[in-house]
Amino acid sequence: MPEKTQKNVLILGASYGSLLATKLILAGHNVQLVCLPEEAELINREGTRVRLPLRGREGLLEIASGDCPGQLSACTPAEADVSAFDLVGLAMQEPQYRAPAVRELLER
């Protein structure tokens, strides 16, 4: 079986991006979410919690980012260093892409 390669992934959007980020860090990859300063501070301090329904199970499964093999962090658009990532995902609502800081990040 081939060896798995850990990837560094940048996801623009913490709200929509949290589910994808959780699945990636569960697989052992490292993810940085791009979001507002207050959100970045909270995520970096406390991590995230995603709740998922599972077929055949009552209730929701809660996954805390701190319990995953990959690492999760967050930053603002101005702080993101795109050269440090293997993959970039877009997970924001369309109006957010008009924000000057996000447009500058997309240009980088």
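Details of the structure are given in the entry above.
This is a predicted model, so every value here is computed, not measured. (Residues numbered from 1 in each chain as written. Predicted model: local features only at pLDDT ≥ 70, side-chain atom pairs only at ≥ 80, totals over all residues. Heavy atoms only, no water.)

Enquirer: Which parts of the structure should I look at to understand the side chain of T48?
Expert: Summarising the element assignment, T48 is placed in the loop between α2 (37-46) and β3 (49-53). Residues within four places of T48 in sequence aside, it is in contact with T22, I43, I63, A64, S65 and L72. (Helix = DSSP H or I, 4+ residues; strand = E, 2+ residues; numbered from the N terminus. Contact = heavy atoms within 4.5 Å.)

Enquirer: Please explain the pattern of salt bridges as it appears in this structure.
Expert: A full pass over the atoms with the stated rule returns four salt bridges. A salt bridge links E41 to R45, with the nearest nitrogen and oxygen atoms 3.3 Å apart. Of this pair, E41 and R45 both sit in helix α2, four residues apart, which is roughly one turn of the helix. Across the pair R49 and E62 runs a salt bridge, and its minimum N-O distance is 2.9 Å. On the criterion of sequence distance, the pair formed by R49 in strand β3 and E62 in strand β4 (residues 60-64) is long-range, its members being 13 residues apart. Given a relative accessible area of 52%, R49 falls into the exposed group. (Salt bridge = Lys/Arg side-chain N within 4 Å of Asp/Glu carboxyl O. Buried < 20%, exposed > 50% of the residue type's maximum accessible area, 1.4 Å probe, protein only.)

Enquirer: Teacher, can you tell me more about the side chain of T22 here?
Expert: In this structure, T22 sits in helix α1 (residues 14-26). Among the residues examined, T22 registers a relative accessible area of 3% and is labelled buried. Not counting chain neighbours up to four residues away, the residues in contact with T22 comprise T48, V50 and I63.

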